[in-house]
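Fold and contact review
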Amino acid sequence: MVGKNNSEQLPPGFRFHPTDEELIMYYLRNQATSRRCPVSIIPEVDVYKFDPWELPEKAEFGEREWYFFTPRDRKYPNGVRPNRAAVSGYWKATGTDKAIYSGSKYVGIKKALVFYKGRPPKGIKTDWIMHEYRLSESRSQPIRPNGSMRLDDWVLCRIYKKKNLGRAMEMMKVEEETHQPEILSTNPVEIVAATGPQTLKLPRTCSLSHLLEIDYFGSISQLFDDNSYNANNQNTMTNINIGNVPHHAMEQLSHQYMASTNVNGNVPIFVNPAFQFQ
């Protein structure tokens with residue numbers, strides 16, 4: 001959203017990103033003393049008469065955050081607590097108030113609030129945030145006439161909706177899990193042929209007993225017989241039924257087999273099968 005009434009008066013590329021000190025010194029103080037603001041783009045709206053998602057339509061300028069001058073009423077006739085109730089919920093203060101200084105002079109207070117749907121104490125927290133700015137001397141104003149519920153004539157509110165990164169990351173994780181291919185076969189050759197070497201997930205470590213069970217090394221005597229072991233491994237590739245294996249998968253297995261052979265033509269005895277198909 002851009003300015004409604006003042007878009008023709010604003011220069012091209014105009015952005016409104018004032019600091020906390022500038023909001024107090026050049027906007028809220030001018031509004032409270034009936035002086036003209038540097039730019040007339042902050043409307044006078046009672047934000048507590050609307051829900052936060054209705055307020056962007058009431059703003060005169062802004063795309064992701066919106067500014068308003070708003071009065072504050074008392075919650076109780078003789079108290080100083082503000083009434084934070086809105087149409088379908090309420091604003092609840094969060095964190096601690098921040099003192100705002102201009103140089104070394106204390107000029108204002110910044111309070112953060114979160115909007116909750118429903119009624120306290122069972123309201124549902126939303127992503128709508130309000131930063132409320134008030135003058136430092138607002139608390140020292142004289143008591144108003146009897147029956148008046150007005151606490152402050154003007155405070156300045158910045159309202160925006162925060163981005164929920166946690167939900168976005170969770171949705172991305174769910175999408176990755178749903179698109180991950182399912183591997184049903186336990187045969188490494190079939191897995192490589194069907195999905196490629198990148199999708200195979202095997203354990204990084206294997207015990208010697210497990211390798212013997214799957215007949216990866218052969219018998220114990222063959223472990224210490226280089227000639228017998230080399231002869232068995234020379235027939236490894238010929239024992240694979242290549243009729244059902246695609247050409248690119250066979251090339252992959254052939255390269256891996258040649259890479260596992262040392263310069264003397266001997267295959268290392270202790271080889272982790274997890275690295276053979278990754």
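Refer to the structure above for everything that follows.
I will try to describe carefully the structure that is included in this document.

Rules used throughout
- Residues numbered from 1 in each chain as written.
- Predicted model: local features only at pLDDT ≥ 70, side-chain atom pairs only at ≥ 80, totals over all residues.
- Heavy atoms only, no water.
- Helix = DSSP H or I, 4+ residues; strand = E, 2+ residues; numbered from the N terminus.
- Buried < 20%, exposed > 50% of the residue type's maximum accessible area, 1.4 Å probe, protein only.
- Areas by Shrake-Rupley, 256 points an atom, 1.4 Å probe, with all protein chains shown as cover.
- Salt bridge = Lys/Arg side-chain N within 4 Å of Asp/Glu carboxyl O.
- Phe/Tyr/Trp six-rings, centres within 6.5 Å; stacked < 30°, edge-to-face > 60°.
- Lys NZ or Arg CZ within 6 Å of the ring centre and 35° of its normal.

Comments concerning the overall build of the protein chain
Assigned secondary structure in the protein chain consists of seven helices and five strands. Helices (α) and strands (β) of the protein chain occur, in sequence order from the N terminus, as α-β-β-β-β-β-α-α-α-α-α-α. The 278 residues of the protein chain split such that 36% are buried. Element-wise, carbon and sulfur atoms account for 53% of the exposed surface of the protein chain, whose accessible area totals about 18,000 Å².

Concerning the pattern of salt bridges
If charged atoms from side chains of opposite charge come close, those side chains can pair. One pass over the structure, following the stated rule, counts eight salt bridges. Between arginine 72 and aspartate 152 there is a salt bridge, and its shortest N-O distance comes to 2.5 Å. You can see arginine 72 sitting in strand S1 (residues 65-73) and its partner aspartate 152 sitting in strand S5 (residues 150-161), a full 80 residues away along the chain. Its relative accessible area of 1% is what places arginine 72 among the buried residues. Where glutamate 132 meets arginine 84, a salt bridge forms, and the shortest distance between an N and an O atom there is 2.6 Å. With glutamate 132 in strand S4 (residues 124-135) and arginine 84 in the loop between S1 and strand S2 (89-102), this residue pair connects regions lying 48 residues apart in the sequence. The same class applies to glutamate 132 and to arginine 84, which are both buried. Taken together, the shared-partner salt bridges connect Asp20, Lys98, Lys110 and Arg158 into one network.

Observations regarding the packing of aromatic side chains
Inspection of the entire model under this criterion finds eight aromatic pairs. Measuring from centroid to centroid gives 5.1 Å for phenylalanine 16 and tyrosine 67, while their planes differ by 80°, and the two rings are edge-to-face. Here the residue phenylalanine 16 occupies a position in the segment before helix H1 (20-32), and tyrosine 67 occupies one in strand S1, the gap between them amounting to 51 residues. As far as the burial class goes, phenylalanine 16 and tyrosine 67 line up, both buried. Geometrically, the ring pair formed by tyrosine 90 and tyrosine 116 is stacked, given 5.5 Å between the ring centres and 10° between the ring planes. Of this pair, tyrosine 90 sits in strand S2 while tyrosine 116 sits in strand S3 (residues 105-117), and the two are 26 residues apart along the sequence. The class of tyrosine 90 is buried, set by a relative accessible area of 11%. Accessibility expressed as a relative area gives 16% for tyrosine 116, which makes it buried. Above the ring of tyrosine 116, the side-chain terminus of lysine 92 is found at 5.6 Å from the ring centroid. The ring of tryptophan 53 carries the charged tip of lysine 117 above its face, separated from the ring centre by 5.1 Å.

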